[in-house]
Amino acid sequence: MKAIKFEGRKNSLVNIPAMDIRDETKALQNIIGGYLEAVRISEDAVMLVDEDGYVKCLPPNPAASAFAGQMILGTALVVGLAENADGELYFTDVPARFGFTE
């Protein structure tokens with residue numbers, strides 16, 4: 001899965017290998033640095049942030065904040081959001097319209 005990683009004042013495209021949902025969640029948590037909180041930024045994309053960012057006193061992330069339109073603390077990832085036939089949502093590649101392609 002391709003994601004946009006916002007860390008400090010820089011952003012980059014990262015590739016998260018395909019794996020089962022438990023391993024994927026752990027991998028995403030390792031990148032973020034804590035439990036995941038999803039901030040909806042569009043119908044088909046979310047920004048994943050550390051849900052305990054305020055408690056941990058993480059520094060503001062200016063680039064992620066500008067992208068999300070609200071204050072974001074610490075490292076953030078933007079991933080795509082899709083729906084399967086049963087109506088369940090799952091993470092997928094960040095939409096290409098966000099300008100990050102290989």
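Preceding this section is the structure that the text describes.
Numbering of residues starts from 1 in every chain and runs along the sequence as written. In keeping with the predicted nature of the model, local features appear solely for residues at pLDDT of at least 70, side-chain atom pairs appear and are counted solely at 80 or more, and the whole-chain, interface and lining totals rest on all residues. To get the side-chain values, take all heavy atoms of the structure and skip hydrogens and water.

## Some details on the overall build of the protein
When helices and strands are counted, the protein shows two helices and six strands. When the helices and strands of the protein are listed from N to C terminus, the series reads β-β-α-β-β-α-β-β. Taking 102 residues into account, the globule formula puts the C-alpha radius of gyration at 13 Å, and the protein, at 13 Å, falls close to it. Buried residues are those whose accessible area, probed at 1.4 Å on protein chains only, stays under 20% of the maximum for their type, while exposed residues exceed 50% and partly exposed ones sit between those limits. Going through the 102 residues of the protein one by one, you find that 36% of them count as buried. Per-residue and other accessible areas were derived by the Shrake-Rupley procedure at a 1.4 Å probe size, with only the shown protein chains allowed to occlude residues. Of the roughly 6,100 Å² of accessible surface on the protein, 50% is carried by carbon and sulfur atoms. A run of DSSP states H or I qualifies as a helix once it reaches four residues; a run of E qualifies as a strand once it reaches two. Both are numbered from the N-terminal end. In this description the radius of gyration comes from C-alpha coordinates, and the expected globular size is given by 2.2 Å times residues to the power 0.38.

## A look at the pattern of salt bridges
In the sections that follow, a salt bridge refers to a side-chain nitrogen of Lys or Arg positioned within 4 Å of a carboxyl oxygen of Asp or Glu. According to the stated counting rule, one finds three salt bridges in the structure shown. The closest approach of N and O atoms between Glu7 and Lys5, which form a salt bridge, is 3.4 Å. One salt bridge connects Arg97 with Asp44, and the closest N-O pair in it is separated by 2.6 Å. Highlighted residues: Arg97 in the segment after β6 (89-92) and Asp44 in the loop between β3 (36-42) and β4 (45-50), separated in sequence by 53 residues.

## Describing the packing of aromatic side chains
A pair of aromatic rings is counted whenever rings of Phe, Tyr or Trp (Trp by its six-membered ring) have centres within 6.5 Å, and the orientation is called stacked for planes under 30 degrees apart, edge-to-face for over 60 and tilted otherwise. Taken as a whole, this structure holds two aromatic pairs when the rule is applied. Geometrically, the ring pair formed by Phe6 and Phe67 is tilted, given 5.2 Å between the ring centres and 45° between the ring planes. Here Phe6 is found in strand β1 (residues 2-7), whereas its partner Phe67 is found in helix α2 (residues 62-68), with 61 residues between them in sequence. With a relative accessible area of 2%, Phe6 lands in the buried category. Classification of Phe67 by relative accessible area gives partly exposed; the value is 30%. Measuring from centroid to centroid gives 5.4 Å for Phe67 and Phe98, while their planes differ by 55°, and the two rings are tilted. With a gap of 31 residues between them, Phe67 in helix α2 and Phe98 in the segment after β6 connect regions that are remote in the sequence. Among the aromatic side chains, those forming a connected cluster through ring pairs are Phe6, Phe67 and Phe98. Here, a charge over a ring means that NZ of Lys or CZ of Arg falls within 6 Å of the ring centre while also lying within 35 degrees of the ring normal. The side chain of Arg97 reaches across the aromatic face of Phe98, ending 4.7 Å from its centre.

Don't take any of this as a statement about function, it's just geometry.
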